[in-house]
Amino acid sequence: MATVLDSLSVLRAATALSLPTRSHIAPAVSSSLSSFSARGSFPLFKGLKVTARSLGPLTVTSRRATSAGPVVCEAQDTAVQVPAITDANWQSLVLESESPVLVEFWAPWCGPCRMIHPVIDELAKQYAGKIKCYKVNTDESSSIATRYGIRSIPTVIIFKNGEKKDTVIGAVPKSTLTTNIEKFL
């Protein structure tokens, strides 16, 4: 196995430098390359696409499908960006708000937080004008998380008239959050 890996790395280095491969390769590696040359090529892996590289007179055509162009996510245009809150604007945006406020406590490294982000975005769009939605990065604004006893993320807290009214912990379905929001509208 080590011989195969050595031959692959030597072949790639030699190709990158545009050097003839046989004259600059050690004899042990050269003998292992001869078995590849007999077949004509070996696959070169680039992500999930497989192409073939020629090592001798035989050339194998590429098995990679050509794409029409770059993939563009059209959902970015329809998504609502939920604004982030920091220690500096917490008082004015949440506690002094006249309408109900939904706050998601999250962190960039949290997998379940990434699962619930699209749900919060949908709710912000669905309840626009009725409820304000914000997010708090617990890594950056740990004092807010400590003040409200956030020990697990994602946590969603609904505030009304500056008071904590309801808490939902974990990545829950949209229906659960909708039910909790409807109680305070």
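Residues numbered from 1 in each chain as written. Predicted model: local features only at pLDDT ≥ 70, side-chain atom pairs only at ≥ 80, totals over all residues. Heavy atoms only, no water.

Undergrad: Is there a simple way to think about the confidence of the model for the protein chain in this case?
TA: It should be kept in mind that the predicted coordinates are not to be read in detail where pLDDT is low. The pLDDT averaged across the protein chain works out to 75; a share of 57% of its residues lies at or above 70. Considering only residues more than four positions removed or in separate chains, one finds that residues 3-25, a stretch of pLDDT under 50, has 25 contacts. Segment residues 59-68: pLDDT under 50, and 11 contacts once partners within four positions in sequence are set aside and those in other chains are kept. (pLDDT = per-residue confidence, 0-100. Contact = heavy atoms within 4.5 Å.)

Undergrad: What exactly am I supposed to notice about the pattern of salt bridges here?
TA: Where side chains of opposite charge bring their charged atoms close, a pairing between them can arise. Summed over all chains, the structure comprises three salt bridges. Note that Lys183 and Asp166 form a salt bridge whose closest N and O atoms lie 3.3 Å from each other. Here the residue Lys183 occupies a position in the segment after helix H7 (174-182), and Asp166 occupies one in strand E6 (residues 163-169), the gap between them amounting to 17 residues. Note on Lys183: relative accessible area 54%, which makes it exposed. (Salt bridge = Lys/Arg side-chain N within 4 Å of Asp/Glu carboxyl O. Helix = DSSP H or I, 4+ residues; strand = E, 2+ residues; numbered from the N terminus. Buried < 20%, exposed > 50% of the residue type's maximum accessible area, 1.4 Å probe, protein only.)

Undergrad: How do you make sense of the packing of aromatic side chains when you look at a structure like this?
TA: Geometrically, a pair of aromatic rings is defined through the distance of the ring centres and the angle of the planes. Across all of its chains, the model carries four aromatic pairs by this definition. Where Trp90 meets Tyr148, the ring centres are 5.5 Å apart and the plane angle is 50°; that geometry is what we call tilted. One end of the pair, Trp90, is in helix H4 (residues 90-95); the other, Tyr148, is in the loop between helix H6 (142-147) and strand E5 (155-160), and 58 residues separate them in sequence. Each member of the pair, Trp90 as well as Tyr148, is classed as buried. With 5.5 Å between their ring centres and 85° between their planes, Trp90 and Phe159 make a pair best called edge-to-face. Of this pair, Trp90 sits in helix H4 while Phe159 sits in strand E5, and the two are 69 residues apart along the sequence. Overall, the relative accessible area of 2% leaves Trp90 in the buried class. Taken together, the ring pairs connect Trp90, Phe105, Tyr148 and Phe159 into an aromatic cluster. (Phe/Tyr/Trp six-rings, centres within 6.5 Å; stacked < 30°, edge-to-face > 60°.)

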